[in-house]
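# Report on the structure
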Amino acid sequence: MLSKRIIACLDVRDGQVVKGINFEGLRSAGDPAALSRRYNREGIDEVVILDVTATIEKRKAMARTIHAVAQEIFLPLCVGGGIKDEAHADAAIEAGADKVSLNTAAIARPELLTALARRYGSQAVIVAIDAKREGGGFRIYVRSGQQATERDAVEWAQEAADRGAGEILLTSIDRDGTKSGFDCELTAAVSEAVSIPVIASGGAGTFDHFVDVFTAGKADAALAASIFHYAEHAVTDLKQHLHDRGVPVRMGRWARTGAAESPA
Amino acid sequence: MSIALIDYGAGNLTSVRKALTHLGARFETPAGPAALPDTHAVIVPGVGNFEVTAALDAGWRRAIAGVVERGGLLLGICVGLQWLFEGSEEAPGLPGFGALPGRCRLIENPDPDGDSADGALFKVPHVGWNSLHRKRDSWVLDGVEEGDQVYFTHSYAAPVGPDCIGSTTYGVEFASVVERERMVGMQFHPEKSGDVGLRLFRNVLDRMSA
């Protein structure tokens, strides 16, 4: 059975992870490569690096970060944040990304999705949608949630899929950072409208929030950042929690054989 | 003598190169089929549409077939597995390598109008981690256990035939690992499938270097 994916998000600035680095005794938590190594050991399914600065001067540093993370994991690696054109996407993929995520640039220039899908295949093109509840619908915001658009999230998700996007990374602006749970209504509305996978993001605070978004929210994957930074084994424990509640996830062999101990 | 990683424009080879380097394999990407007589193993990667395999023209086919005839090993990954078959309905006019019988077909949704029995809708493409079911013993699957998961991203899939050594079920059962004589195919991406993927890759590379 196809597993529900658990994706760790690294918000990176100047080569360092900027969220949730206050876990005591984990000195390397700010280093994206060290954090990726730990997540890989704990059983993460995929890693997303979001460059929260993404200025021209910082792009070379970003390429070094992507390369360093790619050396640590043999898992799908997605890079997003400030990818404006094909050259930016090329640089990220050249540095070791398997997928690129586009947000503001995709709304401004939807044909970019098609161009990148032709070049790298749809599986390499993720459209990131930041949505906020407004007037009974879900309005899209761009520029890191700062600027409202006239677009509706469900309708844009369908268009993006038609134009060649292979997955949707859907963030609820209302829930982001609140730890009050994913927006399951938003996620289900988009997931039911498209045939490509939907990655839910924004609001993860407890393990049960993941159960909710995989059942009521009909998400194919869920992404979080700080919930994984805080505690060692958080990824392993989350997967065990989901497994125990009947949500299909990729487990280590220790789980299938029924042994209680964690993997070495 | 080395491994030839065929770069025929089918997307991004960075992660395949990274895995090969990590596993200590010596490989090169030949500019054309003329370089293949000095090669003892061939890897045909591939992402995206079956149409990209049109770049593997008669010259490439003859050279790759020559490597296999001389006792070399051929590994096809993703679209590279599909190419081992007679063709794919994704690009009906385009013949595959034709070493394995049957054609690749679009993954069918057994329940297109609603939820399946387990409550999950079968979206196409099939993206994510799914289990391998061992169909029969093979050196390719050494160290791989029933139910081990690997990373897929594809819409078309190969039929389960006599050469299928590992299958995966997503709505329908399809061939996720094939082996026939010195030809191996993997529908998933071993280079993105964690420890299980690296083990599968290593099994093939060990044979290639032997």
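Residues numbered from 1 in each chain as written. Chains lettered and ligands numbered in written order. Predicted model: local features only at pLDDT ≥ 70, side-chain atom pairs only at ≥ 80, totals over all residues. Heavy atoms only, no water.

Let us look at the interface of chain B and chain A. Counting residues at the interface gives 36 residues for chain B, matched by 34 residues for chain A. Here chain B packs against chain A, burying approximately 2700 Å² in sum over the two surfaces, 52% of which is carbon and sulfur. When the area that chain B buries against chain A is broken down by residue, the three leading residues are Lys18, Lys123 and Trp129 of chain B, summing to 27%. Counting across the interface, chain B meets chain A through two salt bridges. (Contact = heavy atoms within 4.5 Å. Buried area = accessible area lost by both parts, 1.4 Å probe. Salt bridge = Lys/Arg side-chain N within 4 Å of Asp/Glu carboxyl O.)

We now examine the packing of helix 1 (residues 32–42) of chain A against helix 2 (residues 59–72) of chain A. Residue and element names in this part refer to chain A. With their axes 8 Å apart at the nearest point, helix 1 and helix 2 run at an angle of 25° to one another. When the axis of helix 1 is compared with that of helix 2, the two are roughly parallel. In the packing of helix 1 onto helix 2, the handedness of the crossing is right-handed. Between helix 1, through Pro32, Ala33, Ser36, Arg37 and Asn40, and helix 2, the contact on the second element is made entirely by Thr65, Ala68, Val69 and Glu72. Classifying every residue of the contact of helix 1 with helix 2 gives four nonpolar, three polar and two charged. (Axes fitted to C-alpha atoms, helices over the stretch in contact; angles between N-to-C directions. Helix = DSSP H or I, 4+ residues; strand = E, 2+ residues; numbered from the N terminus. Parallel < 35°, antiparallel > 145°, perpendicular 65-115°, else oblique. Left-handed = near helix turned anticlockwise from the far one by under 90°. Nonpolar A, V, L, I, M, F, W, Y, C, P; charged D, E, K, R; others polar.)

All names here are of chain B. Relative to strand 3 (residues 39–44), strand 1 (residues 2–5) runs parallel, the two being bridged by four bridges. Across the sheet, Leu5 pairs through a bridge with Ile43, a residue of strand 3. Alignment of strand 1 against strand 2 (residues 27–28), held across two bridges, turns out to be parallel. Each bridged residue has a counterpart across the sheet, and for Ile3 the counterpart in strand 2 is Phe27. Running through helix 1 (residues 14–22), the crossover from strand 1 to the neighbouring parallel element strand 2 is right-handed. (Pairing = 2+ DSSP bridges. Right-handed = clockwise from strand over helix to strand, strands pointing away.)

Taken as a whole and judged by the stated rule, the model has 26 salt bridges over all chains. A salt bridge links Arg133 of chain A to Asp183 of chain A; the nearest nitrogen and oxygen atoms lie 2.9 Å apart. You can see Arg133 of chain A sitting in strand 6 (residues 125–134) and its partner Asp183 of chain A sitting in the loop between strand 9 (167–172) and helix 7 (184–193), a full 50 residues away along the chain. For Asp183 of chain A, a relative accessible area of 2% gives the class buried. Here Glu173 of chain B ties to Lys135 of chain B by a salt bridge, and the two come within 3.0 Å at their closest N and O atoms. Separated by 38 residues along the polypeptide, Glu173 of chain B in strand 12 (residues 172–180) and Lys135 of chain B in the loop between strand 8 (133–134) and strand 9 (149–154) bring together distant segments of the chain. Judged by relative accessible area, Lys135 of chain B falls into the partly exposed class, the value being 35%. (Buried < 20%, exposed > 50% of the residue type's maximum accessible area, 1.4 Å probe, protein only.)

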